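Structural description and commentary
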Amino acid sequence: MANTRSAKKAVRQITRRTAVNRQRRSKMRTFIRKVEEAIGAGDQVAAKTALAAAEPVLMRAAQKGIVHKNTASRKVSRLTASVAALGKKA
């Protein structure tokens, strides 16, 4: 357990930051899931709107350090390609 005042403060800060990061990660995953569900349903219009909403959330998560910048870019790229592939199928 933390003994010094600074260590106790650090524990409080880490706890608060962990809670915020968990919320941000959960929000990011929810937006990704909405895009994937629309892709799975084959609904290109819904997939495009979900992707438009998910992209800024993903990039903000990268900016805040929740995921690496390249990871966020890769996810956006793959989701975009999947949405584009829906248009070619139909």
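Everything that follows concerns the structure shown earlier in this document.
Notes on the structure in this doc start here. (Residues numbered from 1 in each chain as written. Predicted model: local features only at pLDDT ≥ 70, side-chain atom pairs only at ≥ 80, totals over all residues. Heavy atoms only, no water.)

**Some points on the overall build of the chain**
Helices and strands together make up the secondary structure of the chain, namely 3 helices and 0 strands. Computed over the C-alpha atoms, the radius of gyration of the chain is 18 Å, more than 25% above the 12 Å expected from 2.2 N^0.38 for a compact globule of 90 residues. Its C-alpha atoms give the chain principal-axis dimensions of about 65 × 20 × 15 Å. Buried positions account for 24% of the 90 residues belonging to the chain. Put simply, of all contacts in the chain between residues at least 6 apart along the chain, 56% involve residues at least 24 apart. Accessible area of the chain: about 6,500 Å², with a carbon and sulfur share of 51%. (Helix = DSSP H or I, 4+ residues; strand = E, 2+ residues; numbered from the N terminus. Rg over C-alpha atoms; globule rule 2.2 N^0.38 Å. Buried < 20%, exposed > 50% of the residue type's maximum accessible area, 1.4 Å probe, protein only. Contact = heavy atoms within 4.5 Å. Areas by Shrake-Rupley, 256 points an atom, 1.4 Å probe, with all protein chains shown as cover.)

**Some details on the pattern of salt bridges**
Tallied over the full model, the rule gives 1 salt bridge. Two residues, Arg-33 and Glu-37, come together in a salt bridge whose shortest N-O distance is 3.7 Å. Of this pair, Arg-33 and Glu-37 both sit in helix α1 (residues 5-41), 4 residues apart, which is roughly one turn of that helix. The class for Arg-33 is partly exposed, based on a relative accessible area of 44%. (Salt bridge = Lys/Arg side-chain N within 4 Å of Asp/Glu carboxyl O.)

**A word on the packing of α1 against helix α2 (residues 44-63)**
Packed helix pairs are characterised by how far apart their axes lie and by the angle those axes make with each other. The N-to-C vectors of α1 and α2 enclose an angle of 155 degrees; their axes lie 9 Å apart at closest approach. It follows from the interaxial angle that α1 and α2 lie roughly antiparallel. Crossing handedness for the pair α1 and α2: left-handed. Each of Lys-27, Met-28, Phe-31, Ile-32, Lys-34, Val-35, Ala-38 and Ile-39 in α1 lies in contact with α2, whose residues at this interface are Ala-46, Ala-47, Ala-50, Leu-51, Ala-53, Ala-54, Val-57, Leu-58 and Ala-61. (Axes fitted to C-alpha atoms, helices over the stretch in contact; angles between N-to-C directions. Parallel < 35°, antiparallel > 145°, perpendicular 65-115°, else oblique. Left-handed = near helix turned anticlockwise from the far one by under 90°.)

**Brief notes about the environment of Ala-46**
Topologically, Ala-46 is positioned in helix α2. Put simply, Ala-46 and Lys-34 are 12 residues apart on the chain and 9.0 Å apart in space, counted from C-alpha to C-alpha.

**Considering α2**
Helix length check: α2, at 20 residues, gives a terminal C-alpha distance of 28 Å against a target of 28 Å (1.5 Å per residue), a fit within 8%. At Ala-54, α2 shows its maximal kink, close to 25 degrees; a proline, Pro-56, follows between one and four residues later. Regarding α2, the residues found buried are Ala-47, Ala-50, Leu-51, Ala-54, Val-57, Leu-58, Ala-61 and Ala-62. N-cap assignment for α2: the residue whose side-chain oxygen lies 3.4 Å from the backbone N of Val-45 is Asp-43. Of the residues trailing α2, Gly-65 is marked for its positive phi of about 90 degrees. (Expected span 1.5 Å × (residues − 1). Bend = angle between axes of the 7 residues up to and from the residue. Polar contact = N/O pair within 3.5 Å; in protein donor to acceptor, adjacent residues only side chain to side chain.)

**A look at a positive patch on the surface**
A contiguous patch of positive charge, built from Arg-22, Arg-25, Arg-29, Arg-74, Lys-75 and Arg-78, is present on the exposed surface. You can see Arg-74 is positioned in helix α3 (residues 69-89). (Patch = residues over 30% accessible without salt bridge, like charges linked within 9 Å, V, L, I, M, F, W, Y side chains within 5 Å. Lys, Arg positive; Asp, Glu negative; His and termini not counted. Charge placed at Lys NZ, Arg CZ, Asp CG, Glu CD.)

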